[in-house]
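Residues per chain are reported as follows:
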Amino acid sequence: MAEVKHISIDTPNEEALGIIDNDAAVIIDDVVPESEIDKILDELDPFIKGNLKGADEFTGFQTSRVGALIARSQGCRDLALHTKINSLAAKFLEPHCDNYQLHFTSLITIGPGETKQILHRDRGLWGGYISRKIETQFAVVWAASDFTYENGATQLVPGSHKWHAKREAKQNEIAYAEMKKGSVLIYTGSVLHGGGDNTSKDLRSGIFIHYAPGWIRQQENQYLSCPPEIAKELSPELRSLIGYSKGGYVMGFYSDPNNLDGKLESVTPEKIFSDKKDKFTVLASPANLVKGSTREKT
Ligand SMILES: O=C(O)CCC(=O)C(=O)O
Ligand SMILES: [Fe+2]
C-alpha cells in the first residue's frame, strides 16, 4: 500500500521539498492546535449551515464547499500567511515565477455516504495548455477534522506527477492522507489525487488554501471573493498575496475609472488602500524590463 510521508514542522525545507519532488505530497504533523481550527469552524459556521452539497460526481453529492475564506475568517487569514508554509510555497514555485500568489480557498466537508472522487490532477483546471515542466500549484490542506481512511481522507498517488498523463493508478498505488486535526497535507498540481469515500458517521473537513505562480489566473477570483471593501481590513502583505499588487513591472496594474488628475493612472492595486509602494513600482533597468522576453526556460 502506498503512503504519504509524515514530517514535523521542524523538518528543514530542503528535506521537505526533496520529499515533495519525489512523491508530490507530504504531511506535516501538528502544525496548529485544534483550538485554532475550532475558532475557524466557528467563524465559518454561518456559511457552512447554508451551504449546498455538490451537484455532480466530481464535486460530490455529499460534499459541501465554502469559499471566500480570506474574507470570511480571520483564522484563515493567519493560515494563509503561515511562515513555514509560505517559505515552502515560495521555494517550490520560485523556479517558475518571480513571485507567487494565493490561488484558491475552500472548506471542503465530505459527509457520510460520499463516494470516492475521481482521481485527477488539479493542473487540469488550466485546460492542459501549460507544459508539465512548469509546476503551477502548491496545494495546502489544513485538517479541520481528523482525516481517516474511513471518513474520506484525500486519496493520493505518490510519484504520479512523473507519470505519463494517461497512466491509471492501481489500488496499491493509492495512499490515503491520514492525519490529525491541525496537521497539514501538501500536494502539487501534478499529482493524481481526489477526495476519499466516507463510510463513517462523521464529517471529514479540510481547509484548502492553494498557491500558484503570480502570472497565472487564480482558480478562485479573489477580487470578487474578497472585494476592496473587505480587503481594506487586511494587512498589505495579505492583500498583496491574494492579488492586490502588481506581479511584474507592467502586470496587474489598474487605472481608477473616475480619476481625472492622472495620479491613479496605471498604478499598483495597493494604491486603493495606501501609498505603500510594491517592489515593482520602482522603474527597473531597461535590461530588467524586458528580461521576460529574452528568458529561455522551456
Ligand atoms: O476533498 C478532498 O480531499 C480533495 C478535493 C479535490 O481534490 C478537489 O475538489 O479538487
Ligand atoms: Fe483536486
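Check the entry above for the structure.
The paragraphs below set out a description of the structure included in this document. (Residues numbered from 1 in each chain as written. Chains lettered and ligands numbered in written order. Predicted model: local features only at pLDDT ≥ 70, side-chain atom pairs only at ≥ 80, totals over all residues.)

### Concerning the nonpolar core
Rule in force here: Nonpolar cores are built from buried Ala, Val, Leu, Ile, Met, Phe, Trp, Tyr and Cys residues. These are joined into a set through C-beta atoms within 7 Å. Each residue is classified by how many other C-beta atoms fall within 10 Å of its C-beta atom, where C-beta atoms are placed from the backbone; a count of 20 or more means buried, 12 or fewer means exposed, and values in between mean partly exposed. What counts as a contact here is a pair of residues whose C-beta atoms, placed from the backbone, lie within 7 Å.
Counting 64 residues, the largest nonpolar core has Val184, Ile186 and Ile207 as its most contacted members. Each residue touching Ile207, except ones within four places of it in the same chain, is listed here: Ile40, Leu69, Cys76, Leu79, Leu107, Trp142 and Ala144.

### Quick look at the sheet that holds strand β2 (residues 25-28)
Spelled out, the test is: Note: two strands are recorded as paired if DSSP finds a minimum of 2 bridges between them. Put simply, DSSP marks the helices as runs of H or I at least four residues long and the strands as runs of E at least two long, and each gets a number from the N terminus on. Here the axes come from fitting lines to C-alpha atoms, over the contacting stretch only for helices, and the angles between their N-to-C directions go from 0 to 180 degrees.
Across the sheet, 7 strands lie side by side as β1-β2-β8-β5-β10-β4-β3; this open sheet has mixed pairing. Each edge of the open sheet is held by one strand with a lone partner, namely β1 (6-7) and β3 (63-66). As paired strands, β3 and strand β4 (residues 100-110) are joined by 4 bridges and run antiparallel to one another. Looking at the pairing, Ser64 lines up with Thr109 of β4. Contacts from helix α2 (residues 34-49) reach β3, β4 and β10 (204-213), with the element oriented near 105° to β3.

### Quick notes on the site of ligand 1
In plain terms, the rule: Using a C-beta atom placed from the backbone, a residue is scored as near a molecule or strand whenever that atom is within 6 Å of it. Any residue that is not Ala, Val, Leu, Ile, Met, Phe, Trp, Tyr, Cys, Pro, Asp, Glu, Lys or Arg is counted as polar, Gly included; the first ten are nonpolar and the last four charged.
Near ligand 1 you find Ile108, Ile110, Gln117, Asp122, Thr154, His193, Gly194, Gly195 and Gly206, and these make up its full shell. Contributing elements (two or more residues each) for the shell around ligand 1: β4 and β9 (193-194). Partitioned by chemical class, the residues of the shell around ligand 1 number 2 nonpolar, 6 polar and 1 charged.

### With respect to the sheet that holds strand β7 (residues 175-176)
Taken together, 3 strands build an open sheet; the order of strands is β7-β6-β9 and the sheet is antiparallel. Of all strands in the sheet, those with a lone pairing partner are β7 and β9, marking the two edges. Note that strand β6 (residues 155-156) and β7 share 2 bridges and pair antiparallel. Each residue of the ladder has a partner; that of Leu156, found in β7, is Ala175.

### Some words on unusual backbone geometry
At Ala24, a residue that is not glycine, the phi angle is positive and equals roughly 65°. Looking at the element boundaries, Ala24 is found in the loop between α1 (13-23) and β2.

### With respect to the pairing of strand β5 (residues 138-143)
By the criterion of burial, β5 is predominantly enclosed, with 6 of the 6 residues buried. Bridge count for β5 against strand β8 (residues 184-188) is 5 bridges, and the pairing is antiparallel. Residue pairing for β8: Val141 is matched across the bridge by Leu185. With 4 bridges connecting them, β5 and β10 associate as antiparallel partners. In the sheet register, Phe138 faces β10, and the bridge partner there is Tyr211.

### Focus on the environment of Lys49
Its location among the elements puts Lys49 in helix α2. Accessibility expressed as a C-beta count within 10 Å gives 9 for Lys49, which makes it exposed. In sequence terms Lys49 and Val66 are 17 residues apart; their C-alpha atoms lie 9.9 Å from each other.

### Looking at the pairing of β2
Here β2 shows no split at all, with Ala25 and Ile27 on one side and Val26 and Ile28 on the other all buried. Sheet analysis places β1 next to β2, joined by 2 bridges and oriented parallel. The partner of Ile7 across the bridge, within β2, is Ile28. Relative to β8, β2 runs antiparallel, the two sharing 4 bridges. Following the sheet pairing, Ala25 is matched in β8 by Tyr187.

### Comments concerning the environment of Ile216
Within the secondary structure, Ile216 sits in the loop between β10 and α6 (222-225). Given 19 C-beta atoms within 10 Å, Ile216 falls into the partly exposed group. For the pair formed by Ile216 and Ile9, sequence separation is 207 residues and the distance between their alpha carbons is 29 Å.

### Points about the packing of α1 against helix α5 (residues 83-93)
For clarity, the cut-off: Any angle that is under 35 degrees is reported as roughly parallel, and any over 145 degrees as roughly antiparallel; angles of 65 to 115 degrees are reported as roughly perpendicular and all others as oblique. Should the near helix be turned anticlockwise from the far one by less than a right angle, the crossing is left-handed, and should it be turned clockwise, the crossing is right-handed.
One way to put it is that α1 packs onto α5 with a least axis distance of 11 Å and a crossing angle of 55°. Relative to α5, α1 is oriented oblique. Our pair here, α1 against α5, has a crossing hand that is right-handed. Packed against α1, whose contacting residues are Asn13, Ala16, Leu17 and Ile20, the element α5 presents Ser87, Leu88, Lys91 and Phe92 at the interface.

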